[in-house]
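# Structural characterization, general
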Amino acid sequence: MRVLRGVVLAVVVLGVAGAAGAAYLVRRAFPQTVGVLAVEGLQAPVEVVRDPWGVPHVYARTEHDLFFAQGYVHAQDRLWQMEVNRRTASGRLSEWFGERTLATDRFLRTLGLRHAAALEWQLLSAEAQAALRAYAAGVNAFLRQNRGRLPLEFVLLRTAPEPWSPLDSLAFGKLMAYDLGGNWQTELLRADLQALLGPEAVARLLPPPLPDTPIIVGGRVGAPQGGQTAAAVVGSNNWVLSGEKTDTGKPYLANDPHLRIGFPSIWYTMHLVGGRYHVAGFTFPGVPGVVIGHNGHLAWGVTNANPDVQDLFLERLHPQDPSRYLFRGRWWPVQTRVEEIRVRGRAEPERWVVRSTHHGPILNDVVEGLREVVALRWTALLPTTVAEGVLRYNRARTVQEFREALRYFHVPAQNFVFADRKGNVGYQLPGRIPVRARGDGTVPVPGWTGEYEWVGWVPYEALPSLSNPPQGWIATANNRIVHDGFPYHLGSEWSEGLRARRIAEVLASRGRFSLEDLKRLQYDHVSLAARRIAPVLGRVAVADEGVRAVQEELARWDGRLSVESRPAAVYEAFLVRAAEVLFRPRLGEKLWERYARRPFVMAALLWLWERPQDPWWGPGGRDRAVGDILQGAVRDLEARLGRDRSRWRWGALHRARFGHLLDPIPVVGRLLGLGPYPTPGDGWTVNQAAYSLLRPFDQTVVASMRMIVDLADLDRSVAVHTTGQSGLLGHPYRGDLAPLWAEGRYHPLLWSREAVDRHARARLELRPLGEHR
């Protein structure tokens with residue numbers, strides 16, 4: 001609370017100081033983007049050309065200077081975001097935010113992401129380490145020059161960033177792996193559901209992917225296959241078309257990763273030229289290289305592959321000496337390390353003791369409700385080399401070099417699609433995926449017996465891949481990767497398949513596609529689920545005459561979740577009420593909250609939908625229950641939007657607001673956030689627009705960026721992300737991309753020097769300190 005009061009007081013002071021003083025504090029953090037700037041640490045001049053969308057095109061003579069300049073430019077536009085991300089990954093938020101973030105710090109210190117980053121550093125090649133050092137030097141050069149011109153958030157909190165280090169970059173990679181994971185939480189949920197309701201209920205609540213869902217390598221799912229669960233907390237879409245399917249005769253590649261909403265965008269668009277690198281696309285502020293994009297030879301895009309790389313082991317501690325645990329008949333010492341967590345407002349740091357077994361950190365001190373001692377084994381906590389992989393594929397010149405680079409991309413495992421300018425298209429799953437001596441990783445297992453140990457990794461050569469398939473396209477949407485007959489167990493949690501089915505439906509619907517066609521597909525908000533559900537909603541018996549009028553619209557509706565659609569609003573209100581009626585009473589409040597936060601509800605509802613006499617529907621079966629739920633949904637809409645049904649539209653309910661970390665602070669949150677913007681779609685449309693069942697209908701997951709690469713003419717490639725290039729309050733590039741993103745529009749992803757010069761809006765030369773013309 002002391003931090004909140006301090007920030008509010010600072011805002012009041014700014015207001016008293018007047019508009020001129022406030023404007024000065026805001027604008028003084030704006031970076032220099034024109035002219036000449038002398039910077040200590042450069043080897044030669046670097047040119048930074050910004051285009052009309054704030055995208056910097058960086059031209060350097062050496063690789064050191066290229067990554068130095070990338071770090072410098074990232075810090076110019078996104079310093080606050082970089083600082084928060086590294087503090088989150090390292091468990092150091094409480095140094096600034098006090099008690100309110102202490103639980104988060106304890107959890108992340110227990111995981112030990114920064115310790116894992118230190119292990120990764122030791123495995124990197126000398127050139128990868130050099131790139132990380134150069135990047136950190138660029139960030140620190142900016143910090144030295146701008147101590148008195150920090151972004152407003154630092155001023156409000158009365159803080160300043162520390163020097164950047166390569167481990168800060170690597171730890172952020174571990175944090176992203178955590179955000180894209182979550183299987184361990186599903187293991188606990190499955191175990192608790194089974195304990196409360198039994199295995200039959202679990203089959204309803206955690207059903208397999210839908211029948212006839214595309215499989216990435218191997219066609220389609222027929223009947224639901226055993227041991228699989230429909231799930232994807234955060235996901236993505238990508239697809240690649242060969243020249244046989246395009247209007248140019250060369251491939252198109254499209255990608256839109258789905259991540260949690262927030263401000264600023266997690267992505268920063270950039271074009272890097274220097275040494276062996278000429279690459280453009282989407283970067284993470286805080287990390288060197290381009291994560292998703294293209295170079296002069298290839299383009300690539302990713303989706304979360306969802307392999308099972310997290311297992312929970314139940315440990316047995318010695319009954320008289322809890323500092324020892326049992327494994328294969330012997331008592332072994334529990335490993336401990338002490339983490340000092342500094343907390344704002346406290347005189348002394350907290351000494352937090354982390355306990356671990358050979359399986360990994362013990363979670364009981366940071367996860368509530370565990371009935372037994374539980375340790376987490378997770379690939380990201382082991383030595384991995386993702387940073388190496390990114391830099392290698394950035395400079396790959398051939399498909400073979402690209403696949404070889406992915407050998408180093410361990411975690412988070414991703415579905416990579418790629419294309420080259422020769423016309424080849426392909427798919428590769430990289431990643432370090434464990435081979436288990438026993439079990440499938442779906443539930444916590446005994447750790448003391450040694451029966452469920454990880455005994456190796458799926459060989460890279462055996463991981464699924466595709467090259468130039470006969471159908472002329474490859475698409476992934478977090479759907480199942482391989483059939484049951486695959487010789488290795490990859491995982492058990494995949495998307496229910498609705499997005500994958502819709503993408504496949506469109507791509508199979510015609511012979512050739514244009515760039516504009518693919519733009520429309522990325523923004524597609526046709527709901528295949530609604531096309532199943534709405535016809536029943538339109539015909540079930542209801543007593544309320546007013547509801548019957550709504551039913552007529554539902555019966556005629558095409559399933560498009562457009563912002564202007566009234567049937568879409570009714571349908572979504574029905575989904576929320578159906579979830580609460582069907583699942584919440586049986587689960588109880590605590591378990592319902594856990595279940596509703598996970599992505600299982602639509603799959604469970606559709607599983608029940610195909611079984612209209614299932615006892616979970618209650619007396620009278622599905623249609624009677626649906627009629628009652630629909631009438632309740634209409635009442636919910638009247639309470640939210642009023643009785644005037646001309647005001648009922650999906651966009652009036654469903655909006656994207658990009659909240660800032662300081663959102664909880666009065667006045668400040670409204671000032672620093674962005675939006676809201678009415679948005680089409682929901683969590684099961686190609687245009688990902690999921691919302692929380694616990695707080696409907698505000699959007700919680702977004703297409704964090706959209707990119708389409710034209711391999712025939714790279715200057716025709718297009719892109720957009722959610723907010724803007726700058727994170728600085730008041731900056732013209734702070735929110736300029738948000739309207740484009742919300743409406744499914746794009747900006748050019750410029751490539752050639754001619755195109756960059758033609759669109760240039762600002763030119764900055766970074767010059768070595770002491771050098772003269």
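The structure we're discussing is the one just above.
Figured I'd write up the structure that's included with this text.

Rules of the game
- The written sequence of each chain sets the order in which its residues are numbered from 1.
- Local features in a predicted model are, by the rule used here, given only for residues with pLDDT of at least 70; side-chain atom pairs are given and counted only at 80 or more, and totals for whole chains, interfaces and linings are based on all residues.
- With hydrogens and water excluded, all non-hydrogen atoms of the structure serve as input to the side-chain values.
- Detection works on a 1 Å grid of protein atoms alone, calling trapped sets that fit a 1.4 Å probe cavities and calling open sets with protein on both sides within 12 Å along at least five of seven lines pockets, with lining residues defined by an atom within 4 Å of a point.
- Grid points are joined across faces, edges and corners, and a volume is the space filled by probe spheres set on the points.
- For the purposes of this entry, the term helix denotes a DSSP run of H or I that reaches at least four residues, the term strand denotes a run of E that reaches at least two, and both are numbered from the N terminus.
- Here the term charged refers only to Asp, Glu, Lys and Arg, the term nonpolar to Ala, Val, Leu, Ile, Met, Phe, Trp, Tyr, Cys and Pro, and the term polar to all other amino acids, Gly among them.
- Here's how the labels work: a residue is buried when its accessible area is under 20% of the maximum for its type, exposed when over 50%, partly exposed in between, all with a 1.4 Å probe on protein chains only.
- Think of it this way: DSSP has to see at least two bridges between two strands before they count as a pair.
- What counts as an axis is a line fitted to C-alpha atoms, over the stretch in contact for a helix, and the angles between N-to-C directions run from 0 to 180 degrees.
- Every residue pair with non-hydrogen atoms within 4.5 Å of one another is taken to be in contact.

### Description of empty space enclosed by the protein
- Counted according to the given criterion, the structure contains 6 cavities of 30 Å³ or more.
- In this model, the largest cavity occupies a volume close to 460 Å³.
- Residue assignment for the lining of the largest cavity shows that the elements contributing at least two residues are α8 (166-179), β8 (252-260), β12 (298-304), α11 (386-394) and β20 (414-420).
- Here the lining of the largest cavity gets 7 residues from one element, more than from any other, and that element is α8.
- Considering only residue class, the lining of the largest cavity consists of 23 nonpolar, 9 polar and 2 charged.

### Here's the deal with the pairing of β12
- In terms of residue burial, β12 counts as a mostly covered element, since 7 of its 7 residues are buried.
- Side-chain alternation along β12 places L298, W300, V302 and N304 on one buried face and A299, G301 and T303 on a second face that is also buried.
- Judged from the 2 bridges that link them, strand β11 (residues 292-295) and β12 form a sheet pairing that is antiparallel. Its bridge partner lying in β12, H294 is registered against A299.
- Connecting β11 to the next strand, β12, in antiparallel fashion are 2 residues.

### As for the sheet that holds strand β21 (residues 425-428)
- The 11 strands lie next to each other as β1-β34-β2-β3-β9-β10-β11-β12-β20-β21-β25, forming an open sheet whose pairing is mixed. For this open sheet the edge positions go to β1 (35-39) and β25 (465-467), each flanked by a neighbour on one side alone. In this sheet, adjacent strand axes meet at a mean angle of 15° when their direction is disregarded.
- Bridge count between strand β3 (residues 56-59) and strand β9 (residues 268-274): 3 bridges; the pairing is parallel. Counterpart to V58 in the pairing with β9 is L272.
- Helix-sheet contacts for α11 involve β10 (277-283), β11, β12 and β20, and the interaxial angle to β10 is about 125°.
- Its contacts with the sheet put helix α12 (residues 399-406) on β12, β20, β21 and β25, and the angle it makes with β20 is roughly 165°.

### Some points on the pairing of strand β32 (residues 718-721)
- Every second residue of β32 is oriented toward a common face, with V718 and V720 on one face and A719 and H721 on the other, all of them buried.
- Note that strand β31 (residues 705-710) and β32 share 4 bridges and pair antiparallel. Bridging across to β32, R706 finds its partner in V720.
- The sheet contact formed by β32 and strand β33 (residues 747-748) spans 2 bridges and is antiparallel. By the bridge assignment for β33, V718 is matched with P748.

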